[in-house]
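Each chain, letter by letter, is given below.
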Amino acid sequence: MKIGEVIKGLLKSRNITQLELADKIGKSKTAISQMINGAYSPSPDTLEKISEVLNVPIAIMYLLTISPEDVPDDKKEIYRVLSPLLEKYLLEIFGINKLDGRF
């Protein structure tokens, strides 16, 4: 999963529109749309602002980019075991819903 997909899922989870995010971080709606669609990745400063608006640490946002395809074959079993625990953690601590059914 790309960071733009994570941002999109977090916006949906938080009931925040792209326009609202754009206004809060000083970017255009077009820029937000381009980030979400993968046209470009947000700069570290922009990602920091996004994480503040969404109330999710950047590290968690990057954690959410990990998909089963990213996990080496010899580690897939532990990923399968830990994924439900990560989902529970993210739900309880950060109020993040499943973004795409991965966890």
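Remember, it's a predicted structure, so these values are computed and weren't measured experimentally.

1. Side note on the packing of helix H2 (residues 18-25) against helix H3 (residues 29-36)
Inference 1: Their axes nearest at 8 Å, the elements H2 and H3 cross at an angle of 115 degrees. Compared by their axis directions, H2 and H3 come out roughly perpendicular. The hand of the H2/H3 crossing is right-handed. From H2, Gln-18, Leu-19, Leu-21, Ala-22 and Ile-25 reach across to H3, where they touch Lys-29, Ile-32, Ser-33 and Ile-36.
Inference 2: Tallied by class, the residues present in the contact of H2 with H3 amount to 6 nonpolar, 2 polar and 1 charged.

2. Examining a nonpolar patch on the surface
Inference 1: A cluster of nonpolar side chains, namely Ile-78, Val-81, Leu-82 and Leu-85, defines an oily patch on the protein surface of about 360 Å² accessible area.
Inference 2: Tracing the chain through its elements places Val-81 in helix H6 (residues 76-94).

3. Some remarks on H6
Inference 1: For H6, spanning 19 residues, the distance from its first C-alpha to its last is 25 Å, which sits close to the expected 27 Å at 1.5 Å a residue.
Inference 2: Remark: the principal bend of H6, roughly 35 degrees, maps to Leu-82, with a proline, Pro-84, within the next four residues.
Inference 3: Those residues of H6 not exposed but buried are Tyr-79, Ser-83, Glu-87, Leu-90 and Phe-94.
Inference 4: Check the buried side of H6 and you find it contacts helix H1 (3-14) and helix H5 (58-63).
Inference 5: One or two residues past the end of H6 sits Gly-95, with phi positive at roughly 65 degrees.

4. Some words on the nonpolar core
Inference 1: Ranked by size, the top nonpolar core spans 24 residues in total, and within it Ile-7, Leu-10, Leu-21, Ile-50, Met-61 and Ile-96 carry the most contacts.
Inference 2: Contributions of two or more residues to this core are made by H1, H2, H3, helix H4 (44-54), H5 and H6.
Inference 3: Top contributing element to this core by residue count: H1, with 5 residues.
Inference 4: Not counting the four nearest positions on each side in its chain, Leu-21 is found in contact with Ile-7, Leu-11, Ile-16, Ile-32, Ile-50 and Val-53.

5. Observations regarding the environment of Asn-55
Inference 1: Position of Asn-55 among the secondary structure elements: in the loop between H4 and H5.
Inference 2: Given the relative accessible area of 60%, Asn-55 is considered exposed.

Cut-off values and rules
- Residues numbered from 1 in each chain as written.
- Predicted model: local features only at pLDDT ≥ 70, side-chain atom pairs only at ≥ 80, totals over all residues.
- Heavy atoms only, no water.
- Axes fitted to C-alpha atoms, helices over the stretch in contact; angles between N-to-C directions.
- Helix = DSSP H or I, 4+ residues; strand = E, 2+ residues; numbered from the N terminus.
- Parallel < 35°, antiparallel > 145°, perpendicular 65-115°, else oblique.
- Left-handed = near helix turned anticlockwise from the far one by under 90°.
- Contact = heavy atoms within 4.5 Å.
- Nonpolar A, V, L, I, M, F, W, Y, C, P; charged D, E, K, R; others polar.
- Patch = residues over 30% accessible without salt bridge, like charges linked within 9 Å, V, L, I, M, F, W, Y side chains within 5 Å.
- Areas by Shrake-Rupley, 256 points an atom, 1.4 Å probe, with all protein chains shown as cover.
- Salt bridge = Lys/Arg side-chain N within 4 Å of Asp/Glu carboxyl O.
- Expected span 1.5 Å × (residues − 1).
- Bend = angle between axes of the 7 residues up to and from the residue.
- Buried < 20%, exposed > 50% of the residue type's maximum accessible area, 1.4 Å probe, protein only.
- Core = buried A, V, L, I, M, F, W, Y, C linked by side-chain atoms within 4.5 Å.

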